[in-house]
Amino acid sequence: MDNKKRLPIGYSNFKEVIEKDLYYVDKTKVIEELLDNKNKVILFPRPRRFGKTLLMSMLDNFFNIEYIKENKNLFKNLYISNSPYYNELSKYPVIFLSFKGITGNSYEEVYEKIQKLISDLYNKKYYLLDNLLENEQKLFKDILNRDASKADIENSLKDLSYYLYKYYNKEVIILIDEYDVPIQDGYLKGYYDEVVTLIKNIFSSALKGNMNIKFAIMTGVLRVSRESIFSD
């Protein structure tokens, strides 16, 4: 009988890799480094197929307070289980979104995909709705139904971090994977200026001076300075 572990080819979900007992290169020490790091926003620019999404999935599974019951055994045989930081397991609300696949032949097409991405994110946090004020509930539903204005979309991550902070009374962690996919597509297809402005406004609103977040992590192939998504 062959008891050799299989390589996680095609897998980017940490929980799936662990539960199926696939080979996993233990990167949980990065949790210590992130918690020791005092920066609010951290960028991991790495080449394609470098394991960025699997890393982000691991961080989501470790920090996310929504997984407090189902994920308690996922890390028991990994480095972090013997670290003083293991008590941070399932302690924080997490916003996790990926811009993978957010491409199109026009800015309008990409904007619609971003609207749907954020609508789907809000749908996953639907439990927050009863804890919101009436005007907040209306805005939440507008985003959910994709009826929100462009300005509301640009502020949607910042608003969601506030709703989560208010619900849990804990700082929020934001994980943004493959931030640069729509930007690169816009550069290739002629709508770079429009899409980089949209992405810049969404990220700046959510990440710059947001008192409701503990920290944010972004992954992409290109560096932030190359894309000009933040101020100088």
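Structure's up top.
Within each chain, residue numbers correspond to sequence positions counted from 1 in written order. Residue-level local features of this predicted model are given only where pLDDT is at least 70; pairs of side-chain atoms are given and counted only at 80 or more, and the full residue set underlies all totals for whole chains, interfaces and linings. To obtain the side-chain values, all non-hydrogen atoms of the structure were used and water was disregarded.

Undergrad: Please explain the pairing of strand β3 (residues 172-177) as it appears in this structure.
TA: The side chains of a regular strand alternate, first on one face of the sheet and then on the other. Most of β3 is tucked away: six of the six residues are buried. What makes two strands pair is DSSP finding at least two bridges between them. Elements are defined by DSSP. Helices are runs of H or I of four residues or more, strands are runs of E of two residues or more, and each kind is numbered from the N terminus. Bridge count for strand β2 (residues 94-98) against β3 is five bridges, and the pairing is parallel. Note that in β3 the partner of serine 98 across the bridge is aspartate 177. Bridge analysis of β3 against strand β4 (residues 213-220) gives five bridges, and the strand direction is parallel. Each residue of the ladder has a partner; that of valine 172, found in β4, is isoleucine 213. Only protein chains enter the accessibility calculation, which uses a 1.4 Å probe; a residue is then buried when its area is under 20% of its type maximum, exposed when over 50%, and partly exposed in between.

Undergrad: I keep staring at helix α8 (residues 181-189) and nothing clicks. Help me out?
TA: Owing to its 3.6 residues per turn, the α-helix brings residues three or four apart onto one side. Along α8, the residues that are buried comprise Val181, Pro182, Ile183, Asp185 and Gly186. Residue glycine 190 follows α8 closely and has a positive phi angle near 90°.

Undergrad: Mind showing me how you'd approach the environment of serine 98 here?
TA: Mapped onto the fold, serine 98 is located in strand β2. Judged by its relative accessible area of 24%, serine 98 is partly exposed. Separated by 79 residues in sequence, serine 98 and aspartate 177 place their C-alpha atoms 4.4 Å apart. Not counting the four nearest positions on each side in its chain, serine 98 is found in contact with Leu117 and Asp177. In the analysis that follows, any N or O atom pair within 3.5 Å is treated as a polar contact, provided that within protein one partner can donate a hydrogen and the other can accept it, and provided that, for residues neighboring in sequence, both atoms belong to side chains. Among the polar contacts made by the side chain of serine 98, one reaches the main-chain amide nitrogen of lysine 100 at a distance of 3.2 Å. Throughout, a contact is declared for two residues whenever any of their heavy atoms are within 4.5 Å.

Undergrad: I'm lost on the environment of phenylalanine 203 in this one. Help?
TA: When you line up the elements, phenylalanine 203 lands in helix α9 (residues 192-207). A residue is classified by how much of its surface remains accessible, and phenylalanine 203, at 0% relative accessible area, is buried.

Undergrad: Please explain helix α4 (residues 107-124) as it appears in this structure.
TA: Multiplying 1.5 Å by the residue count of a helix minus one yields the expected span of that helix. Helix length check: α4, at 18 residues, gives a terminal C-alpha distance of 26 Å against a target of 26 Å (1.5 Å per residue), a fit within 8%. Buried residues of α4: Tyr107, Val110, Tyr111, Ile114, Gln115, Leu117, Ile118, Ser119, Leu121 and Tyr122, and no others. Here the buried face of α4 lies against β2, α5 (134-144), α6 (150-154), α7 (156-168), α8 and α9.

Undergrad: Can you help me understand the packing of aromatic side chains in this one?
TA: To describe a pair of aromatic rings, you give the distance between the ring centres and the angle between the ring planes. Within 6.5 Å between ring centres, the rings of Phe, Tyr and Trp (the latter by its six-membered ring) count as paired, and their orientation is classed by plane angle as stacked under 30 degrees, edge-to-face over 60, tilted in between. Taken as a whole and assessed by the stated rule, the structure comprises 13 aromatic pairs. Relative to phenylalanine 140, the ring of tyrosine 122 lies with its centre 4.8 Å away and its plane at 55°, an arrangement referred to as tilted. Of this pair, tyrosine 122 sits in helix α4 while phenylalanine 140 is found in helix α5, placing the two residues 18 residues apart along the sequence. Of the two residues examined, tyrosine 122 and phenylalanine 140, each falls in the buried class. Taken together through their ring pairs, the aromatic side chains of Phe62, Phe63, Phe75, Tyr92 and Phe215 make up a single cluster.

Undergrad: Any chance you could explain the side chain of serine 119 here in plain terms?
TA: Relative to the assigned elements, serine 119 resides in helix α4. Separated by 2.6 Å, the side chain of serine 119 and the backbone oxygen of leucine 144 make a polar contact.

Undergrad: I tried to follow the pattern of salt bridges on my own but got confused; where do I start?
TA: Opposite charge on two side chains permits them to pair, given that their charged atoms come into close proximity. A carboxyl oxygen of Asp or Glu within 4 Å of a side-chain nitrogen of Lys or Arg is what we treat as a salt bridge. Applying the stated criterion to the full structure yields eight salt bridges. Note that aspartate 142 and lysine 138 form a salt bridge whose closest N and O atoms lie 2.9 Å from each other. On the criterion of helical spacing, the pair formed by aspartate 142 and lysine 138 is a turn pair, its members being four residues apart in helix α5. Residue aspartate 185 is joined to lysine 189 by a salt bridge in which the shortest nitrogen-to-oxygen separation is 3.3 Å. Of this pair, aspartate 185 and lysine 189 both sit in helix α8, four residues apart, roughly one helical turn. Taking the relative accessible area as the measure of exposure, aspartate 185 reaches 9% and is therefore buried.

Undergrad: Looking at this model, I keep getting lost on the packing of α8 against α9. Mind explaining?
TA: For any two helices packed against each other, one specifies the crossing angle of their axes together with the interaxial distance. Comment: axis = line fitted to C-alpha atoms, over the contacting stretch for helices; angle = value between 0 and 180 degrees taken between N-to-C directions. As a packed pair, α8 and α9 sit with axes 8 Å apart at the nearest point and diverge in direction by 165°. The angle between α8 and α9 falls in the class roughly antiparallel. The way α8 lies across α9 gives a crossing that is left-handed. Residues Pro182, Ile183, Gly186 and Tyr187 of α8 form the contact with α9, whose own contacting residues are Tyr192, Val195, Val196 and Ile199. Tallied by class, the residues present in the contact of α8 with α9 amount to seven nonpolar, one polar and no charged. Relative orientations are named as follows: roughly parallel for angles under 35 degrees, roughly antiparallel for angles over 145 degrees, roughly perpendicular for angles from 65 to 115 degrees, and oblique for any other angle. Left-handed is the label given to a crossing in which the near helix is rotated counterclockwise from the far helix by less than a right angle, and right-handed is the label when the rotation is clockwise. Note on residue categories: nonpolar means Ala, Val, Leu, Ile, Met, Phe, Trp, Tyr, Cys or Pro, charged means Asp, Glu, Lys or Arg, and polar means any other residue, Gly included.

Undergrad: How do you make sense of a negative patch on the surface when you look at a structure like this?
TA: Nonpolar side chains (Val, Leu, Ile, Met, Phe, Trp, Tyr) are joined into patches within 5 Å and like charges within 9 Å, using only residues with over 30% relative accessible area and no salt bridge. Computed with a 1.4 Å probe, the accessible areas rest on the Shrake-Rupley method; for each residue, only the protein chains presented here act as cover. Here Asp and Glu are counted as negative and Lys and Arg as positive; His is not counted, and neither are the chain ends. For charged residues, the charge sits on one atom: NZ in Lys, CZ in Arg, CG in Asp, CD in Glu. Where like charges cluster on the molecular surface, the negative patch consists of Glu108, Glu112, Asp193 and Glu194. Listed by contribution, the elements that provide at least two residues to the negative patch are α4 and α9. Position of aspartate 193 relative to the elements: it lies in helix α9. Aspartate 193 sits in the exposed class, given a relative accessible area of 56%.

Functional significance is not addressed by these values, which are geometric in nature.
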